[in-house]
Amino acid sequence: MSNSVPIAPGLFTWPAQKPALLGSRCNECGIVSFPVAQSCMACSGQDVSVEELPGRGTLWTWTVQQFMPKSPYNSGETPETFKPYGVGYLELPGGVRVEGRLTENDPEKLHVGMEMEVIFDTWRTEPNGDEIVSFFFQPLA
Amino acid sequence: MDVAIIGIGIHPFGRTPARSGLQQGAYAARLALKDAGVEWRDIEFAFGGSASAGNADALGNELGLTGIPFINVANGCATGGSSLMTAYNAIRSGAYDIGLVAGFDKHDRGAFNADPEAMGLGRWYGELGLMMTTQFFAMKIQRYMHDYSISADTLARVAEKAFINGSLNPNAWRRTPVALEEIAGSMMVNNPLTKYMFCSPSEGGVALVLCRADKAKNYCAKPVYLKSAVLKSRRYGSFEVFAPSQALQQVDGPTVDASRAAFELAGVGPKDIHVAQLQDTESGAEVMHMAENGFCEHGEQERLIQSGATRIGGSMPINTDGGCLANGEPIGASGLRQVYENVLQLRGEAGAHQVPGNPRLGYTHVYGAPGISAVTILQR
């Protein structure tokens, strides 16, 4: 059986029954940041707590990446198999706007303000069989 | 102590396989020295930078080793603006009478390739394909179009104007006008921006000779005075490039902050400016930077651009040398190119791209990753 490994430690809870993105909230000014930071970018405070971010939000802005980025892009794709992908900022109520890849890449189906959920899925498979897992934003059906 | 620009030099932008980036910088520096009527050995300090073409202080190997303090500057797209601001303050402080600022570069083809770890971000950010300046600009204008009803046609018109102005500028890279329909219909790169709406990394060099204002007339019949040179970085809450998250509450970005500070320092306002060079790494940036620099209200750009106000003969000429869109972006040289263009304009020496009416005040603005902005105001 293959190993399922998060793309980076500490970005989201994993493994978990109901995985969630992780942010840090400043205990002095209440500002949230993603990914978890050791200090607060807003007030310079160093007293922060890690918390799970909401799993749903609204799309604040978006684009579709139509060409394949150079390294360090690492999706396992080749220029021949590359598929354009959506990118956007999802506004998570009470939290922060998080940037991520969208599961939708059709510009006709994307618009500012649409509701989306955070999902976790295989991003690429390593030569040793490990499945690298990342987070994605998916339109609510 | 006020500061004057008494010499300017440029190496044509574009692709010059026969010359290294450093040699293009030296070419520009020699022209700037000649323009000021001084020798390299007269220069008391030099600040400069390049992102991909080596250390600027290697210009000493080309121009001669004279023992002066030469400081290498690396500040992304605001490298030139940072060198200039530092030189401005060095002369204002009284420490030096005359100095040189230089910027040059030579980039590979294709989009810039930023290193997430150098920006304090995790490698995952680049692996997922989020470390792209083009995406940021596309997402910023996407939201802006939603909020302020800017049309896709207006984005195409910005690029159309850039190539028209480039065709009038012998030092520009893109010197052929491109039809509006071709711009709008070209390959989509990052929605809503097409291929012709983005600038490309390129090559080129620019140098400026600066001196104490009270000595300017000893060198130059038409000195141009640097009324302000301001650099600002982002505050928490501004919407910036290379940000895995953004604040829920947005605040003004570094462009707004730098612009306000520069106008205050110069004692003039946006309505006093006769010609402006605003960072246009893509069409949407020029649109947004018009308002961020105080030249119009948010949303007014639609009417202004559609009516031709930003063309060379218009009421608010912007990017009269073709901007980044027609010149490409050699990072180290790009911000200084804007200043070079404004000096030409204020001297009345811009030839086919000269703004009519004898302009007296010029404005430049650059924006760079990860959220810095440099503004200058020049007066003849």
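Quick caveat, the model's predicted, so the values are computed rather than measured.

## Notes on the overall build of chain A
Reasoning step 1: Helix and strand counts for chain A come out as zero helices and nine strands.
Reasoning step 2: Looking at the 141 residues of chain A, the share that counts as buried comes to 36%.
Reasoning step 3: Considering only intrachain contacts with a sequence separation of at least 6, the fraction spanning at least 24 residues in chain A is 52%.

## What about the sheet that holds strand S2 (residues 22-26) of chain A?
The strands that make up a sheet pair up through hydrogen bonds in the backbone, lying either parallel or antiparallel.
Residue and element names in this part refer to chain A.
Reasoning step 1: Here we have three strands laid out as an open sheet, ordered S3-S2-S4, and antiparallel in their pairing. Taken across any chain shown, the strands that pair with only one partner, and hence form the sheet edges, are strand S3 (32-33) and strand S4 (48-52).
Reasoning step 2: Judged from the five bridges that link them, S2 and S4 form a sheet pairing that is antiparallel. Bridging from a neighbouring strand, arginine 25 pairs with serine 49 of S4.

## Thoughts on the packing of helix H3 (residues 79-92) of chain B against helix H13 (residues 331-347) of chain B
Residues and elements named next belong to chain B.
Reasoning step 1: Packing of H3 against H13 leaves a shortest axis separation of 6 Å and a crossing angle of 60 degrees. On the basis of their axis angle, the class for H3 and H13 is oblique. On the side of H3, the interface is formed by Thr79, Gly80, Gly81 and Leu84, while H13 contributes Ile331, Gly332, Ala333, Ser334, Gly335, Leu336 and Val339.
Reasoning step 2: For the contact of H3 with H13, a count of residues per class yields five nonpolar, six polar and no charged.

## Re the sheet that holds strand S3 (residues 70-72) of chain B
Residues and elements named next belong to chain B.
Reasoning step 1: Sheet architecture is open: nine strands sit in the order S3-S2-S4-S7-S1-S8-S12-S11-S10, paired in mixed fashion. If you trace the sheet from one side to the other, it starts and ends with S3 and strand S10 (275-278), each paired once. Each adjacent strand pair in this sheet contributes to an overall mean axis angle of 20 degrees, direction not counted.
Reasoning step 2: Contacting strand S1 (3-14), strand S4 (98-106) and strand S7 (203-212), helix H1 (residues 21-36) runs over the sheet at an angle of about 140 degrees to S1.

## Some details on the nonpolar core
The tendency in soluble globular proteins is for nonpolar side chains to be buried side by side.
Reasoning step 1: Counting residues in hydrophobic clusters, the biggest one holds 155 residues, and the most contacted among them are Ala29(B), Ala32(B), Val101(B), Ala102(B), Leu208(B), Val209(B) and Leu210(B).
Reasoning step 2: Apart from the residues within four sequence positions on either side, Leu208(B) is in contact with Ile5(B), Gly7(B), Ile8(B), Ala32(B), Val101(B), Leu336(B) and Val339(B).

## Some points on the interface of chain A and chain B
One frequently used descriptor of interface size is the decrease in accessible area upon assembly of the parts.
Reasoning step 1: At the junction of the two partners, chain A supplies 34 residues and chain B supplies 29 residues.
Reasoning step 2: Secondary structure elements with two or more residues in the side of chain A that touches chain B: strand S5 (56-65), strand S6 (85-91) and strand S7 (97-102) of chain A.
Reasoning step 3: For the side of chain A that touches chain B, a count of residues per class yields 21 nonpolar, eight polar and five charged.

## Examining the environment of Ile10(B)
All names here are of chain B.
Reasoning step 1: By the element assignment, isoleucine 10 lies in strand S1.
Reasoning step 2: Measuring from C-alpha to C-alpha, the distance between isoleucine 10 and asparagine 72 comes to 19 Å, with 62 residues separating the pair along the chain.
Reasoning step 3: Once residues within four sequence positions are removed from consideration, isoleucine 10 is found in contact with Ala28, Leu31, Asn171, Val206, Arg337 and Tyr340.

## Observations regarding the confidence of the model for chain B
Low pLDDT means the predicted coordinates in that region are not meant to be read closely.
Reasoning step 1: Averaged over all residues, the pLDDT of chain B is 96; the fraction at 70 or higher stands at 99%.
Reasoning step 2: Across the predicted assembly, pTM comes out at 0.95 and ipTM at 0.96.

## Concerning helix H9 (residues 254-266) of chain B
Given 3.6 residues to a turn, an α-helix orients residues that are three or four positions apart in the same direction.
Residue and element names in this part refer to chain B.
Reasoning step 1: With 13 residues, H9 should reach 18 Å at 1.5 Å per residue; the first-to-last C-alpha distance of 18 Å fits that figure.
Reasoning step 2: All of the buried residues along H9 are Pro254, Thr255, Asp257, Ala258, Ser259, Ala262, Phe263 and Ala266.
Reasoning step 3: Structurally, H9 contributes buried residues whose contacts are with strand S8 (224-233), helix H10 (283-292), strand S11 (361-368) and strand S12 (372-379).
Reasoning step 4: Immediately beyond the C-terminal end of H9, within one or two residues, lies glycine 267, with a positive phi of roughly 70 degrees.

## Some points on the pairing of S11(B)
All names here are of chain B.
Reasoning step 1: Of all eight residues in S11, seven are buried, a share of seventy percent or more.
Reasoning step 2: Of the strand pairs in this sheet, S11 and S12 are connected by eight bridges, and their pairing is antiparallel. Counted as the bridge partner of tyrosine 367 is serine 373 from S12.
Reasoning step 3: The turn joining S11 and S12, which pair antiparallel and follow one another in sequence, is formed by three residues; a positive phi near 125 degrees is taken by glycine 371.

## Let's talk about the packing of helix H6 (residues 152-167) of chain B against H10(B)
Two numbers describe a pair of packed helices, the interaxial angle and the distance between the axes.
Residue and element names in this part refer to chain B.
Reasoning step 1: The interhelical angle for the contact between H6 and H10, taken along N-to-C directions, is 100 degrees, at an axis separation of 8 Å. Between H6 and H10, the angle falls in the class roughly perpendicular. Packed against H6, whose contacting residues are Thr154, Leu155, Val158 and Ala159, the element H10 presents Ser283, Gly284, Glu286 and Val287 at the interface.

## Structural notes on the environment of Glu181(B)
Residue and element names in this part refer to chain B.
Reasoning step 1: Tracing the backbone through its elements, the reader meets glutamate 181 in helix H7 (residues 180-185).
Reasoning step 2: Exposure remark for glutamate 181: the 10 C-beta atoms within 10 Å place this residue in the exposed category.
Reasoning step 3: With 102 residues separating them in the primary sequence, glutamate 181 and serine 283 have C-alpha atoms 15 Å apart.

## Notes on the environment of Gln17(A)
All names here are of chain A.
Reasoning step 1: Here glutamine 17 is to be found in the loop between strand S1 (4-6) and S2.
Reasoning step 2: Classification of glutamine 17 as exposed rests on a count of 5 C-beta atoms within 10 Å.
Reasoning step 3: Glutamine 17 sits 124 residues away from alanine 141 along the chain, and the two C-alpha atoms are 22 Å apart.

## What to know about H10(B)
Reasoning step 1: The buried fraction of H10(B) amounts to nine of the ten residues, a majority that puts the element mostly inside the structure.
Reasoning step 2: For H10(B), the complete set of buried residues consists of Ser283(B), Gly284(B), Ala285(B), Glu286(B), Val287(B), Met288(B), His289(B), Met290(B) and Glu292(B).

## What about unusual backbone geometry?
Reasoning step 1: Cis rather than trans, the peptide bond between Phe34(A) and Pro35(A) has omega equal to -5 degrees.
Reasoning step 2: Looking at where Pro35(A) falls in the secondary structure, it is placed in the loop between S3 and S4.
Reasoning step 3: Residue Pro192(B) is reached from Asn191(B) by a cis peptide bond, and omega for that bond is 5 degrees.
Reasoning step 4: Even without being glycine, Phe242(B) reaches a positive phi, approximately 55 degrees.
Reasoning step 5: With respect to the secondary-structure elements, Phe242(B) resides in the loop between S8 and strand S9 (245-246).
Reasoning step 6: When the 21 C-beta atoms within 10 Å are taken as the criterion, Phe242(B) is described as buried.
Reasoning step 7: With a phi angle near 55 degrees, Asn319(B) is a residue other than glycine that sits in the positive phi range.

The rules behind the values
Residues numbered from 1 in each chain as written. Chains lettered and ligands numbered in written order. Predicted model: local features only at pLDDT ≥ 70, side-chain atom pairs only at ≥ 80, totals over all residues. Helix = DSSP H or I, 4+ residues; strand = E, 2+ residues; numbered from the N terminus. Buried ≥ 20, exposed ≤ 12 C-beta atoms within 10 Å, placed from the backbone. Contact = placed C-beta atoms within 7 Å. Pairing = 2+ DSSP bridges. Axes fitted to C-alpha atoms, helices over the stretch in contact; angles between N-to-C directions. Parallel < 35°, antiparallel > 145°, perpendicular 65-115°, else oblique. Nonpolar A, V, L, I, M, F, W, Y, C, P; charged D, E, K, R; others polar. Core = buried A, V, L, I, M, F, W, Y, C linked by C-beta atoms within 7 Å. pLDDT = per-residue confidence, 0-100. Expected span 1.5 Å × (residues − 1).

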